[in-house]
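The primary structure of each chain is shown beneath.
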Amino acid sequence: GQNIDQPTEMTATEGAIVQINCTYQTSGFNGLFWYQQHAGEAPTFLSYNVLDGLEEKGRFSSFLSRSKGYSYLLLKELQMKDSASYLCAVFTGGGNKLTFGTGTQLKVEL
Amino acid sequence: NAGVTQTPKFQVLKTGQSMTLQCAQDMNHEYMSWYRQDPGMGLRLIHYSVGAGITDQGEVPNGYNVSRSTTEDFPLRLLSAAPSQTSVYFCASSTSDATTNEKLFFGSGTQLSVL
């Protein structure tokens with residue numbers, strides 16, 4: 001079976017740094033995605049990791065450790081617009097087979 | 001550039017009714033899929049297609065049918081709606097099922113309520 005775990009909710013302060021963790025146990029692994037989803041909207045792509053290590057893209061970074069089944073998304077210089085749900089998804093095989101976690105609802109406060 | 005277009009945005013059905021959710025993409029993507037999103041459950045794959053004429057089941061296919069007669073269109077049919085199918089539905093597409101960074105492009109979603 002597939003199992004992806006993320007914290008349900010997190011709260012952080014504007015301007016701060018927050019780390020959202022994701023652990024996974026899946027049958028097959030071909031990469032890990034992070035998506036951002038604002039309330040009432042579609043998910044949008046943030047990052048993709050297939051090799052171990054850190055991928056940096058502006059204020060957002062994503063880390064992967066395949067041996068530990070672990071990833072995190074790091075958001076720096078938080079802004080109010082970063083309040084959203086962050087979805088961890090593992091690509092397990094053919095045909096768009098992305099298995100999603102339940103998402104982490106991030107609230108950014110003043 | 002429209003991307004992935006889903007219609008309708010909202011729909012209310014009575015138990016037992018049938019309907020089709022439309023999905024079209026203009027990016028010439030080979031791969032298309034349907035997900036449903038429920039509170040506390042995350043996005044779950046219903047059906048997917050790797051190209052015109054080819055479809056397959058995902059994690060939660062029961063009660064849904066799909067077809068892929070063209071590269072552009074991938075409609076989702078609810079055969080006999082049930083309250084358990086109340087959900088938000090997303091269509092998604094991507095260029096290929098590769099091990100590269102082939103991210104999914106999502107449609108804007110359809111909020112379906114079955115009474």
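Note that the structure is predicted; figures quoted are calculated from it, not measured.

## Considering the overall build of chain B
Okay, so step 1: Each helix and strand counted, chain B has zero helices and eleven strands in total.
Okay, so step 2: Scanning chain B from its N terminus toward the C terminus, one meets helices and strands in the order β-β-β-β-β-β-β-β-β-β-β.
Okay, so step 3: Taken over the C-alpha trace, chain B has a radius of gyration of 13 Å; the compact-globule value for 115 residues is 13 Å, and the two agree within 12%.
Okay, so step 4: Seen through its principal axes, chain B has C-alpha atoms that stretch 40 × 30 × 25 Å.
Okay, so step 5: Residues classed as buried in chain B amount to 45% of the 115 residues present.
Okay, so step 6: For chain B, contacts bridging at least 24 residues in sequence account for 53% of all contacts bridging at least 6.
Okay, so step 7: Accessible surface, chain B: about 5300 Å² in total, of which carbon and sulfur atoms supply 50%.
Okay, so step 8: The positive charge centre, built from 7 side chains, and the negative charge centre, built from 9, are 11 Å apart in chain B.

## Side note on the sheet that holds strand S7 (residues 64-66) of chain B
Residues and elements named next belong to chain B.
Okay, so step 1: Across the sheet, which stays open at both edges, the four strands sit in the order S1-S3-S8-S7 with antiparallel pairing between neighbours. The sheet is open, and its two borders are formed by strand S1 (4-7) and S7, each paired with just one other strand. Ignoring strand direction, the axes of neighbouring strands in this sheet form an average angle of 20 degrees.

## Thoughts on the sheet that holds strand S3 (residues 18-25) of chain A
All names here are of chain A.
Okay, so step 1: The sheet built from five strands is open, its strands ordered S1-S3-S8-S7-S6 with antiparallel pairing. The open sheet terminates on both sides in strands that have one partner only, identified here as strand S1 (3-5) and strand S6 (53-57). Between one strand and the next, the sheet's axes are offset by a mean angle of 15 degrees, whatever the strand orientation.
Okay, so step 2: Across five bridges, S6 lies against strand S7 (residues 60-65) in antiparallel orientation. Among the inter-strand pairings, lysine 57 is bridged to a residue of S7, identified as phenylalanine 60.

## With respect to the pattern of salt bridges
Residue and element names in this part refer to chain B.
Okay, so step 1: The final tally for this structure, using the stated rule, is six salt bridges over all chains.
Okay, so step 2: We note a salt bridge from arginine 44 to aspartate 38, for which the minimum N-O separation is 2.9 Å. The same class applies to arginine 44 and to aspartate 38, which are both buried.

## Some thoughts on the environment of A:Tyr48
Residue and element names in this part refer to chain A.
Okay, so step 1: Mapped onto the fold, tyrosine 48 is located in strand S5 (residues 44-49).
Okay, so step 2: A relative accessible area of 11% means that tyrosine 48 is categorised as buried.
Okay, so step 3: Here the side chain of tyrosine 48 touches asparagine 30 through a polar contact of 3.1 Å, landing on its backbone oxygen.

## Notes on the pairing of strand S9 (residues 87-94) of chain B
Residues and elements named next belong to chain B.
Okay, so step 1: The buried fraction of S9 is high, at seven of eight residues.
Okay, so step 2: Of the pairings in the sheet, the one linking strand S4 (residues 31-38) to S9 comprises seven bridges and is antiparallel in character. Counted as the bridge partner of tyrosine 35 is phenylalanine 90 from S9.
Okay, so step 3: Note that S9 and strand S11 (residues 110-114) share three bridges and pair antiparallel. Across the sheet, serine 87 pairs through a bridge with leucine 112, a residue of S11.
Okay, so step 4: Sheet topology note: the S9/strand S10 (residues 105-106) ladder contains two bridges and is antiparallel. Across the sheet, residue serine 93 finds its bridge partner in S10, namely phenylalanine 105.

Cut-offs used in this document
Residue indices begin from 1 for each chain and proceed along its sequence in written order. Labels follow written order: the first chain is A, the first ligand is 1, and so on. Thresholds applied to this predicted model are a pLDDT of at least 70 for local features of residues and 80 or more for the giving and counting of side-chain atom pairs; totals over whole chains, interfaces and linings are not thresholded and use all residues. Heavy atoms from the whole structure form the basis of all side-chain values; hydrogens and water molecules are not counted. Put simply, DSSP marks the helices as runs of H or I at least four residues long and the strands as runs of E at least two long, and each gets a number from the N terminus on. What the globule rule says is 2.2 Å times the number of residues to the power 0.38, and the radius of gyration is computed from C-alpha atoms. Think of it in three bands: residues with accessible area under 20% of the maximum for their type are buried, residues over 50% are exposed, and the middle band is partly exposed, with areas taken using a 1.4 Å probe on protein chains only. Whether two residues touch is decided by their heavy atoms; if any such pair falls within 4.5 Å, the residues are in contact. Values of accessible area rely on a 1.4 Å probe in the Shrake-Rupley scheme; residue burial ignores everything except the protein chains shown. Charge counting treats Lys and Arg as positive and Asp and Glu as negative, with His and both chain ends excluded. Note on charges: their place is set at NZ of Lys, CZ of Arg, CG of Asp or CD of Glu. Note on pairing: DSSP must find at least two bridges between two strands before they are called paired. Interaxial angles span 0 to 180 degrees and are taken between N-to-C directions of axes, which are lines fitted to C-alpha atoms, for helices over the stretch in contact. For salt bridges, the criterion is a side-chain nitrogen of Lys or Arg within 4 Å of an Asp or Glu carboxyl oxygen. N or O atoms within 3.5 Å of each other form a polar contact, as long as, within protein, one can give a hydrogen and the other can take it, and as long as residues adjacent in sequence are counted only when both atoms are side-chain atoms.

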